[in-house]
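Overview (structure and organization)
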Amino acid sequence: TKAPVKVTVTGAAGQIGYALLFRIASGQMLGLDTPVKLSLLEITPALRAAEGTAMELTDCAFPLLESIEITDDATRAFDGTSVALLVGARPRGPGMERGDLLSANGGIFKPQGAALNNGAAEDIRVLVVGNPANSNALIAQQNAPDIPANRFSAMMRLDHNRALAQAAQKLGVSVSDISNMTIWGNHSATQYPDLVHAQFGGRSIAEQVERDWLEGTFIPTVAKRGAAIIEARGASSAASAANAAIDHVHSWVHGTAEGDWTSAGVVSDGSYGIPEGLISGFPVTSTGGDWEIVSDLEIDDFSRARIDASVAELVEERDAIRELGLI
Ligand code: NAI
């Protein structure tokens with residue numbers, strides 16, 4: 001077995017935390033050869049609930065779980081950490097404007113970025129799940145100037161998995177027969193799930209489905225799936241979000257399959273006309289080191305317009321957090 005890895009989960013007492021921690025501790029994220037030291041970061045009033053979750057983690061007697069730390073101190077939680085899953089965020093309350101939401105989350109992600117900058121391990125990888133994920137990731141990244149920018153990513157993987165599943169159902173095939181899916185742009189209703197590059201049987205899926213279905217059913221179903229789950233379940237998607245976080249880190253650490261890619265929100269290098277520095281959904285690969293943006297894909301007019309619309313929203317969010325002095 002390898003040396004133990006410290007993994008920090010924020011919002012550990014929340015819904016996603018409850019669906020996520022057991023899978024990390026069982027080895028599904030980093031592998032069955034890697035012991036884990038868990039650090040749970042919560043706000044003070046939720047520490048007791050986090051202790052309850054920790055009691056259950058202990059009761060699972062996971063062979064790979066070396067230790068559990070519970071704290072409301074970000075400096076302590078991120079000290080020496082190699083994987084930080086930033087799940088805890090401030091949800092949009094009734095009547096809350098976007099500016100209020102961004103500023104409330106700035107109060108969380110700015111100090112967390114600084115704490116990561118000061119104490120995280122050399123090999124730190126950060127995944128931001130808490131919404132608005134792309135902008136929260138940008139705030140954390142911009143406040144951690146000593147950490148390479150490509151160690152920060154925002155979660156697009158739930159949208160990616162939703163898109164795989166919808167396309168597989170439509171074609172009547174297995175999700176594992178579909179490759180090269182991409183979610184471009186913002187993790188929001190403006191996201192663009194791309195079936196032009198997605199493949200089944202070596203061909204573009206866009207060429208194998210009706211245009212009406214692609215535009216009128218597929219894209220809105222994927223983009224509005226979160227709301228549909230809340231409507232049906234009476235609570236937001238937590239198990240599928242946790243699953244996507246596990247998948248995201250697994251692909252990052254263990255690499256993506258040859259010839260395939262996945263989707264992640266990463267810092268733009270300016271490719272595909274997406275302004276440099278924004279954290280946008282891209283097609284990405286990993287060989288177990290850093291995310292690499294897939295280069296030189298041809299973008300048709302339809303995709304261009306969709307990508308541009310979502311990126312425009314990211315630009316607005318970035319301008320707003322700049323104005324608030326968060327970056
Ligand atoms: P939840 O409300 O059940 O849990 C959030 C937890 O975060 C709470 O326990 C809260 O005490 C904690 N928290 C708040 N501020 C904190 C801070 N400063 N430090 C540490 N912990 C803090 O919410 P749930 O369902 O677990 O969702 C968490 C976030 O994930 C939400 O922002 C949600 O919108 C987002 N999400 C993102 C998805 C994505 O695809 N990127 C998918 C689904 C959810």
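Parameters at a glance
- Along each chain, numbering runs from 1 in the same order as the chain's sequence is written.
- Two thresholds apply to this predicted model, a pLDDT of at least 70 for residue-level local features and 80 or more for giving and counting side-chain atom pairs, whereas whole-chain, interface and lining totals are computed over all residues.
- Computation of side-chain values: all heavy atoms of the structure, hydrogens and water removed.
- UniProt positions are given in the numbering used here, feature names are shortened, and annotations may be inferred rather than shown by experiment.
- If DSSP finds at least two bridges between two strands, the strands pair.
- Helix and strand assignments come from DSSP, with helices taken as H or I runs of at least 4 residues and strands as E runs of at least 2, each series counted from the N terminus.
- Here is how to tell: hold the view so the strands point away, follow the path from the first strand over the helix to the second, and if it runs clockwise the crossover is right-handed.
- Only buried residues count toward a nonpolar core. Its members are Ala, Val, Leu, Ile, Met, Phe, Trp, Tyr and Cys residues joined through side-chain atoms within 4.5 Å.
- Type-normalised accessible area, obtained with a 1.4 Å probe on protein chains alone, sets the label of each residue: buried when under 20%, exposed when over 50%, and partly exposed for intermediate values.
- Residue contacts follow a heavy-atom distance rule, with two residues in contact if any of their heavy atoms lie within 4.5 Å.
- In this text, near means that some heavy atom of the residue lies within 4 Å of the molecule or strand in question.
- Polar contact is the term for a pair of N or O atoms within 3.5 Å; when the atoms are in protein, one must be able to donate a hydrogen and the other to accept it, and sequence-neighboring residues count only if both atoms are side-chain atoms.
- A 1.4 Å probe and the Shrake-Rupley method give the accessible areas. Residues count as covered only by the protein chains that appear here.
- Polar here means any residue outside two lists: the nonpolar Ala, Val, Leu, Ile, Met, Phe, Trp, Tyr, Cys and Pro, and the charged Asp, Glu, Lys and Arg; Gly therefore counts as polar.
- Helix span, expected: 1.5 Å multiplied by one less than the number of residues in the helix.
- Lines fitted to C-alpha atoms define the axes here, with helix axes fitted over just the stretch in contact, and angles between the N-to-C directions of these axes take values from 0 to 180 degrees.
- An angle counts as roughly parallel when it lies under 35 degrees, as roughly antiparallel when it exceeds 145, as roughly perpendicular when it falls between 65 and 115, and as oblique in every other case.
- By convention, the crossing between two helices is left-handed when the near helix turns anticlockwise from the far helix through less than a right angle, and right-handed when the turn is clockwise.

The name recorded for the protein chain in an unreviewed UniProt entry is Malate dehydrogenase, from Nakamurella antarctica. The Catalytic activity (unreviewed entry) comment attached to the protein chain in UniProt states, word for word, "(S)-malate + NAD(+) = oxaloacetate + NADH + H(+)".

So, on to the pairing of strand β3 (residues 65–71). Pairing analysis gives 6 bridges linking strand β2 (residues 36–41) to β3, with the strands arranged parallel. Paired with Lys37 across the bridge in β3 is Ser67. Handedness of the β-α-β unit built from β2, helix α2 (residues 47–59) and β3 comes out right-handed.

Moving on: the nonpolar core. Membership of the largest hydrophobic core comes to 37 residues, with the highest contact counts inside it found for Met181, Trp184, Leu195, Phe218, Ile274 and Phe282. At 5 residues, helix α7 (residues 211–223) tops the list of elements feeding residues into this core. Not counting chain neighbours up to four residues away, the residues in contact with Trp184 comprise Gln191, Tyr192, Asp194, Tyr272, Ile274, Gly281, Phe282, Pro283, Leu297, Ile299, Ile307 and Ser310. Counting 33 residues, the second largest nonpolar core, distinct from the first, contains Phe22, Ile24, Met155 and Ala242.

Moving on to the site of the ligand. Taken together, 23 residues lie around the ligand, and Gln15, Ile16, Glu42, Val129 and Asn131 are the ones closest in. Between the ligand and Gly14 there is a distance of 3.4 Å, counted from an oxygen atom to a backbone nitrogen or oxygen. Between the ligand and the protein, one listed contact pairs a nitrogen atom with a backbone N or O atom of Val129 at 3.3 Å. Notes on the ligand: free accessible area 870 Å², of which the protein chains cover 79%. Listing elements by their share of the shell around the ligand, those giving two or more residues are α1 (15–26) and α4 (98–119). The residue makeup of the shell around the ligand, split by class, is 12 nonpolar, 10 polar and 1 charged.

Right, let's talk about helix α6 (residues 157–171) for a bit. Compared with an ideal rise of 1.5 Å per residue, which puts 15 residues at 21 Å, α6 spans 21 Å between its outermost C-alpha atoms and is within 8% of the ideal. Along α6, 11 of the 15 residues are buried, which leaves the element largely enclosed by surrounding structure. The complete set of buried residues in α6 reads Arg157, Leu158, Asp159, His160, Asn161, Arg162, Ala163, Leu164, Gln166, Ala167 and Ala168. Count one or two residues on from α6 and you reach Gly172, which has phi positive near 70°.

Before going further, it helps to spend a moment on the packing of α1 against helix α9 (residues 239–254). At a closest axis distance of 8 Å, the pairing of α1 and α9 adopts a crossing angle of 40°. Relative to α9, the element α1 is oriented oblique. In the packing of α1 onto α9, the handedness of the crossing is right-handed. Contacts from Ile16, Ala19, Leu20, Arg23 and Ile24 of α1 reach α9 at Ala239, Ala241, Ala242, Asn243, Ala245 and Ile246. The residue inventory of the contact of α1 with α9, partitioned by class, reads 9 nonpolar, 1 polar and 1 charged.

Mapped onto the elements of the fold, Ala309 is located in helix α10 (residues 301–323). Taking relative accessible area as the criterion, Ala309 reaches 44% and is therefore assigned partly exposed. Separated by 118 residues in the primary sequence, Ala309 and Gln191 place their C-alpha atoms 8.6 Å from one another.

A few words now on the sheet that holds strand β11 (residues 203–204). Pairing within the open sheet is antiparallel, and its 3 strands lie in the order β7-β10-β11. Each edge of the sheet is formed by a strand with only one pairing partner; in this case those strands are β7 (178–179) and β11.

The subject of this paragraph is the UniProt feature "binding site: NAD(+)" (unreviewed entry) in the protein chain. UniProt records the feature "binding site: NAD(+)" (unreviewed entry) for Gly11, Ala12, Ala13, Gly14, Gln15, Ile16, Gly17, Asn105, Gln112, Val129, Gly130 and Asn131 in the present numbering. Considering the arrangement of structural elements, one finds Ala13 in the loop between β1 (5–10) and α1. In this structure, Ala13 is in contact with Glu42, Ala46, Ala49 and Ala50, ignoring residues within four places of it in sequence. Within the element layout of this structure, Gly14 appears in the loop between β1 and α1. Judged by relative accessible area, which is 27%, Gly14 ranks as partly exposed.

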